[in-house]
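Chains, contacts and geometry: an overview
Letter by letter, the chains look like this.
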Amino acid sequence: MEPDGMVANHNSPGTAAPAASPPFVGREHELAALAAGLDAALGGRTQLFLLAGEPGIGKTRLAAEIGAAAAARGALVLWGRCCEDSGAPPFWPWAQILRARLEASRAPLSGDAEASAGNALLAQIVPELGDGPRGGGTTVQGERRFELFDAVVRRLRRAAAERPLVLLLDDLHAADLASLLLLQFLARHLDDAPLLVVGSYRPADLERSPERADAIAQVARVATRLPLTALGEGAVADLVGATLGPAAAPQLAAAVFRVTEGNPFFVAEMLQLLLAERATRGALPADVARTPLPHGVRALLGERLRPLTPECRALLEAAAVLGRDFDAGTLRAV
């Protein structure tokens, strides 16, 4: 159980992001929109947001920021992280949320007939809640699925009535279809509770799954969508100054911006590498562009390239050798 006003460790199911993070910059507009949504949710009007953007663009960090603000105002903040591992059970993000709610609850969830009946249904997602049928997952159809979804919504409504809730659903592009259908159901049937729901996803990853793309599109029709783009040069300069010290030359900030194109994850990784260089050599490198790519950036790029065909990867390798700008004729010749 988390103390009031605290957000738990992101490495555990149902919990929030790590405490040690770079300074939070460049998301004033998006954070203001989420803060307004939090105000409305605390006033009893359910709010739903979707954060969309490429890997490393700061979706999880932004969700963690609004989660911390909500926790400071007394809300219970619960994380549900979707898993790209094919072995993850159906409803995995919702199982994390319901388990975390169960751990945080100050009262037993089987205190009346309605709660006991709900437990029998919810045991399909969280077996600890009862001895009812389990593991229905995507095989739950028709009336059974409606009853299960309704039981989840009722449980969340009861929980939010006790204490405002913030649900943070990370990596929805990797969610199983059943979890997305449950999110659709919640968005359509729970509009008058002190509840804020923030989901994040990578639009490009949905291209490989039309069913997931359609499910998230249905949710987006009733949600506020906040697309996240790269940080501007000023925000990157703020990060450089906060990490390397205010004396860091403006030229260095400009070079980091050019190399990373404002992707917050790339910026943070590059700054950690520059810190290590300074600690080892006693000075920052003269040419940031020639600094080897940080391991974290290489890993993320490798993840993005892995689904591509060998021919496509070879084409990208040739393009990378040519440089940032090139014409198609030169690439064709290579």
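Please refer to the structure placed before this passage.
Predicted, not measured: the structure shown is a model, and the values here were computed from it.

Reading guide: rules and limits
Residues numbered from 1 in each chain as written. Predicted model: local features only at pLDDT ≥ 70, side-chain atom pairs only at ≥ 80, totals over all residues. Heavy atoms only, no water. Disulfide = S-S within 2.5 Å. Buried < 20%, exposed > 50% of the residue type's maximum accessible area, 1.4 Å probe, protein only. Helix = DSSP H or I, 4+ residues; strand = E, 2+ residues; numbered from the N terminus. Expected span 1.5 Å × (residues − 1). Phe/Tyr/Trp six-rings, centres within 6.5 Å; stacked < 30°, edge-to-face > 60°. Pairing = 2+ DSSP bridges. Salt bridge = Lys/Arg side-chain N within 4 Å of Asp/Glu carboxyl O. Axes fitted to C-alpha atoms, helices over the stretch in contact; angles between N-to-C directions. Contact = heavy atoms within 4.5 Å. 1 Å grid on protein atoms, 1.4 Å probe; cavity = no way out; pocket = protein on both sides within 12 Å on 5 of 7 lines; lining within 4 Å. Points joined across faces, edges and corners; volume = space filled by probe spheres on them. Nonpolar A, V, L, I, M, F, W, Y, C, P; charged D, E, K, R; others polar. Lys, Arg positive; Asp, Glu negative; His and termini not counted. Core = buried A, V, L, I, M, F, W, Y, C linked by side-chain atoms within 4.5 Å.

A word on the state of the cysteines
Using the criterion set out here, one finds zero disulfides in the structure. Distance from the sulfur of Cys 82, which forms no disulfide, to the nearest cysteine sulfur (Cys 83) is 8.9 Å. Judged by relative accessible area, which is 9%, Cys 82 ranks as buried.

Details of helix α6 (residues 177–189)
Here α6 spans 18 Å end to end across 13 residues, near enough to the 18 Å set by a 1.5 Å rise per residue. Looking at α6, one finds that the buried residues are Ala 178, Ser 179, Leu 180, Leu 182, Leu 183, Gln 184, Phe 185, Leu 186 and Ala 187.

So, the packing of aromatic side chains
Scanning the model with the defined rule gives four aromatic pairs in all. Ring geometry for Phe 146 against Phe 185: centres 5.4 Å apart, planes inclined by 85°, an arrangement best described as edge-to-face. Taken together, the residues span a long stretch of sequence, with Phe 146 in helix α5 (residues 142–162) and Phe 185 in helix α6 at a distance of 39 residues. By relative accessible area, Phe 146 is classed as partly exposed at 46%. Ring centres of Phe 149 and Phe 185 lie 5.7 Å apart, and the angle between their planes is 65°; on these two criteria the pair is classed as edge-to-face. With a gap of 36 residues between them, Phe 149 in helix α5 and Phe 185 in helix α6 connect regions that are remote in the sequence. Using a relative accessible area of 4% as the deciding quantity, one classes Phe 149 as buried. Residue classification places Phe 185 among the buried residues on the basis of a relative accessible area of 8%. One aromatic cluster in this structure is built from Phe 91, Phe 146, Phe 149 and Phe 185.

Things to note about the pairing of strand β1 (residues 47–52)
By the criterion of burial, β1 is predominantly enclosed, with six of the six residues buried. On β1, burial covers both faces: Gln 47, Phe 49 and Leu 51 on one face and Leu 48, Leu 50 and Ala 52 on the other are all buried. In this structure, β1 lies alongside strand β4 (residues 195–201), joined through six bridges in parallel fashion. Paired with Leu 51 across the strands is Ser 200, a residue of β4. Pairing between β1 and strand β5 (residues 224–227): four bridges, direction parallel. Along β5, the bridge assignment pairs Ala 52 with Pro 227.

Observations regarding the pattern of salt bridges
What the rule picks out here adds up to 10 salt bridges. For Asp 39, the salt bridge goes to Arg 73, with nearest N and O atoms at 2.6 Å. Here the residue Asp 39 occupies a position in helix α1 (residues 28–42), and Arg 73 occupies one in the loop between α2 (59–72) and β2 (76–81), the gap between them amounting to 34 residues. Assessed through its relative accessible area of 48%, Arg 73 is described here as partly exposed. Across the pair Asp 205 and Arg 208 runs a salt bridge whose closest N-O atoms are separated by 3.7 Å. Arg 208 gets classed as exposed once you look at its relative accessible area, which sits at 54%.

Side note on the sheet that holds β4
Spatially, β2-β3-β4-β1-β5 is the arrangement adopted by the five strands of the open sheet, whose pairing is parallel. Only two strands of the sheet have a single neighbouring strand rather than two, namely β2 and β5. Along the sheet, successive strands turn relative to each other by an average axial angle of 15°, direction set aside. Of the strand pairs in this sheet, β2 and strand β3 (residues 165–170) are connected by six bridges, and their pairing is parallel. What sits directly across from Leu 78, in β3, is Leu 167. Packed onto the sheet, α1 meets β1, β3, β4 and β5 and runs at close to 160° relative to β1. Against the sheet, α2 contacts β1, β2, β3 and β4, and its axis sits at roughly 160° relative to β2.

Some thoughts on the layout of surface pockets
Estimated volume of the largest pocket: approximately 1,300 Å³. The set of elements that each furnish at least two residues to the lining of the largest pocket consists of α9 (250–260), α10 (264–281), α11 (295–305) and α12 (310–322). Among the residues forming the lining of the largest pocket, the class breakdown is 19 nonpolar, four polar and 14 charged.

So, the side chain of Glu 30
Summarising the element assignment, Glu 30 is placed in helix α1. Buried within the structure, Glu 30 lacks any salt-bridge partner; its nearest side chain of opposite charge belongs to Arg 27, at an N-O separation of 4.4 Å. Other than its neighbours up to four places away in sequence, Glu 30 contacts Leu 62, Leu 226, Pro 227 and Leu 228.

Regarding the nonpolar core
Within the largest apolar cluster, 48 residues are counted, with the highest numbers of intra-cluster contacts made by Trp 94 and Leu 172. Looking at this core, the elements with two or more residues in it are β1, β2, α3 (92–104), α5, β3, α6, β4 and α7 (210–220). Take this core: its biggest share by element is eight residues, from α5. In this structure Trp 94 touches Ile 125, Leu 156, Leu 167, Leu 169, Ser 179, Leu 182, Leu 183 and Leu 186, once residues within four positions along its chain are discounted. In this structure, Leu 51, Ile 57, Ala 63 and Ile 66 belong to the second largest nonpolar core, which totals 21 residues.

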